[in-house]
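# Descriptive structure summary
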Amino acid sequence: MFTRKTKSTIDSLIGMSTTIKGDVGFRGGLRIDGNINGNINAESGEASVLVISEHAKVVGEVRAAHLIVNGEIVGDVHSSELLELQPKARITGNVFYKALEMHGGALVSGKLSHDQALETPVLKLAASSEA
């Protein structure tokens, strides 16, 4: 019997004493406690979760389905499912999301953009059911 991993499973960890200079690609779950100087991209079309801890700093673009931020990102952020901004989150860049959960204390210096294209079928269904 095949069992699927839950979305919250973390497969890889980049520790606090680690600094990476270059782009990082991943699938599944990734937690970052260290520093990344480069873009972070989850495999497109796959369920992914990326955790940027309060100790982490990322300088580059970040793309993931489910993104949990409690550290610092300097660059644009793209979340195709859920973006959670925890109290110590600091983002300097534009943020593109489908669903957003923002805790008190989180800071975004940039434009917040809800991606309406992801919900177009839902909106059409709701509009047709009201008619």
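Quick caveat: nothing in here was measured; it's all calculated off a predicted structure. (Residues numbered from 1 in each chain as written. Predicted model: local features only at pLDDT ≥ 70, side-chain atom pairs only at ≥ 80, totals over all residues. Heavy atoms only, no water.)

There is a patch of nonpolar side chains on the surface, built from L100, M102 and L112 and spanning about 230 Å² of accessible area. Structurally, the position occupied by L100 is in strand β13 (residues 95–102). (Patch = residues over 30% accessible without salt bridge, like charges linked within 9 Å, V, L, I, M, F, W, Y side chains within 5 Å. Areas by Shrake-Rupley, 256 points an atom, 1.4 Å probe, with all protein chains shown as cover. Salt bridge = Lys/Arg side-chain N within 4 Å of Asp/Glu carboxyl O. Helix = DSSP H or I, 4+ residues; strand = E, 2+ residues; numbered from the N terminus.)

A large share of strand β9 (residues 62–69) lies buried, amounting to seven of its eight residues. Alignment of strand β6 (residues 40–42) against β9, held across two bridges, turns out to be parallel. Paired with I40 across the bridge in β9 is V62. Of the pairings in the sheet, the one linking strand β7 (residues 48–52) to β9 comprises four bridges and is parallel in character. Within β9, the residue paired with L50 across the bridge is L67. (Buried < 20%, exposed > 50% of the residue type's maximum accessible area, 1.4 Å probe, protein only. Pairing = 2+ DSSP bridges.)

The tally for this structure, following the rule as stated, stands at five salt bridges. Of the charged contacts, one joins R27 and E46 as a salt bridge, the two residues approaching to 3.9 Å between their closest N and O atoms. A residue pair is termed long-range when its members are at least 10 positions apart, and R27 in the loop between β3 (24–26) and β4 (28–32) and E46 in the loop between β6 and β7 qualify at 19 residues. On the basis of relative accessible area, E46 is assigned to the partly exposed category, the value being 37%. Among the ionic pairs, R63 bridges to E61, the shortest N-O distance being 3.0 Å.

Here the focus is the environment of V74. Summarising the element assignment, V74 is placed in strand β10 (residues 72–74). The partly exposed category is assigned to V74, whose relative accessible area is 29%. Expressed as a C-alpha distance, the spacing of V74 and T92, which sit 18 residues apart in the sequence, is 4.8 Å. Each residue touching V74, except ones within four places of it in the same chain, is listed here: K57, V58, V59, G60 and T92. (Contact = heavy atoms within 4.5 Å.)

Before going further, it helps to spend a moment on the nonpolar core. In globular proteins that are soluble, nonpolar side chains generally tend to be buried together. One finds I32, I40, L50 and I52 to be the most contacted residues of the largest nonpolar core, which totals 26 residues. Elements with a minimum of two residues in this core: β3, β4, β6, β7, β9, β11 (77–85) and β13. Among the elements that line this core, the one with the most residues is β9, at four residues. In contact with I32, not counting residues within four places along its chain, are I14, I40, L50, V51, I52, S53 and A56. (Core = buried A, V, L, I, M, F, W, Y, C linked by side-chain atoms within 4.5 Å.)

Moving on to the pairing of β11. Relative to β11, β9 is paired through seven bridges, and the arrangement is parallel. Each residue of the ladder has a partner; that of A64, found in β11, is S79. The pairing of β11 with β13 spans seven bridges and is parallel. Counterpart to V77 in the pairing with β13 is V95.

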